[in-house]
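Observations on chain architecture
What follows is the residue order along each chain.
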Amino acid sequence: MAGATFEQVRRIALGLPGAEEVGTWGTETVFQVGGKMFAVAAPDEPHATVKSTPDEQASLVARDPDTYAVAPTTGRFGWVRVELARIEPAVLRALVVAAWRAAAPRRLTTGYDAEPD
């Protein structure tokens, strides 16, 4: 397993329409769209946290509790902590894109869906 990095989280997040990087909470970086958070990570931390639904969070944690956990503080809203060393970059991309979709305005997600691969 190759594992993922903070820089990959950053590159994926900022590659999405309307995404912004906001420094906050000390060393953590917040990725947001339309003023809504969809991911949080820090260069010196081994994990990232992504927006999810409570059902998806429960499914991820049940399937692989060594990789996924209920996020501290925001976990009650469905956010998931992801251990970067344990996740393939393609899976990380899918999680970050899903988190962005959950936070982004419809006009951005519709435009994104219309883009060719």
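Per an unreviewed UniProt entry, the recorded name for the protein is MmcQ/YjbR family DNA-binding protein, and the organism is Actinocatenispora thailandica.

1. Describing the pairing of strand β4 (residues 47-50)
Side chains His47 and Thr49 project from β4 onto one buried face, and the interleaved Ala48 and Val50 project onto a second face that is buried too. Where strand β3 (residues 36-41) meets β4, 3 bridges bridge the pair, whose relative direction is antiparallel. When the bridges of β4 are listed, Ala39 appears paired with Val50. Pairing analysis gives 4 bridges linking β4 to strand β6 (residues 80-83), with the strands arranged antiparallel. Across the sheet, residue Val50 finds its bridge partner in β6, namely Val80.

2. Let's talk about the sheet that holds strand β1 (residues 19-23)
Read from one edge of the open sheet, 6 strands run β1-β2-β3-β4-β6-β5, paired in antiparallel fashion. Strand pairing shows two members of the sheet lacking a second neighbour, β1 and β5 (68-70), which therefore form its edges. Averaged over all neighbouring strand pairs, the angle between strand axes comes to 25 degrees, with direction disregarded. In the sheet, β1 pairs with strand β2 (residues 29-33) via 5 bridges, with the strands oriented antiparallel. Residue pairing in the sheet places Gly23 in a bridge with Thr29 of β2. With respect to the sheet, helix α1 (residues 6-14) is in contact with β1, β2, β3 and β4, its orientation differing from that of β2 by roughly 15 degrees.

3. Structural notes on the pattern of salt bridges
On inspection of all chains with the given rule, the structure shows 3 salt bridges. Between Asp64 and Arg86 there is a salt bridge, with the nearest N and O atoms lying 3.7 Å from each other. Here the residue Asp64 occupies a position in the loop between α2 (54-63) and β5, and Arg86 occupies one in the loop between β6 and α3 (89-103), the gap between them amounting to 22 residues. Residue classification places Arg86 among the partly exposed positions, given a relative accessible area of 36%. Beyond isolated ion pairs, a larger network of salt bridges with shared partners links Glu7, Arg10 and Glu21.

4. A short note on the pairing of β2
The element β2 is largely enclosed, with a buried count of 5 among its 5 residues. Of the two faces of β2, both are covered, the one formed by Thr29, Phe31 and Val33 as well as the one formed by Val30 and Gln32. Between β2 and the antiparallel strand that follows it, β3, lie 2 residues; Gly34 among them carries a positive phi value of about 60 degrees.

5. Describing the nonpolar core
Formed by 30 residues in total, the largest nonpolar core has its most connected members in Leu16, Phe38, Val50, Leu92, Val96 and Trp100. Contributing elements (two or more residues each) for this core: α1, β2, β3, β4, β6, α3 and α4 (106-114). Per-element tally for this core: the top contributor is α3, with 7 residues. Not counting the four nearest positions on each side in its chain, Leu92 is found in contact with Ala4, Gln8, Val9, Ile12, Leu84 and Ile87.

Analysis parameters
- Residues numbered from 1 in each chain as written.
- Predicted model: local features only at pLDDT ≥ 70, side-chain atom pairs only at ≥ 80, totals over all residues.
- Heavy atoms only, no water.
- Buried < 20%, exposed > 50% of the residue type's maximum accessible area, 1.4 Å probe, protein only.
- Helix = DSSP H or I, 4+ residues; strand = E, 2+ residues; numbered from the N terminus.
- Pairing = 2+ DSSP bridges.
- Axes fitted to C-alpha atoms, helices over the stretch in contact; angles between N-to-C directions.
- Contact = heavy atoms within 4.5 Å.
- Salt bridge = Lys/Arg side-chain N within 4 Å of Asp/Glu carboxyl O.
- Core = buried A, V, L, I, M, F, W, Y, C linked by side-chain atoms within 4.5 Å.

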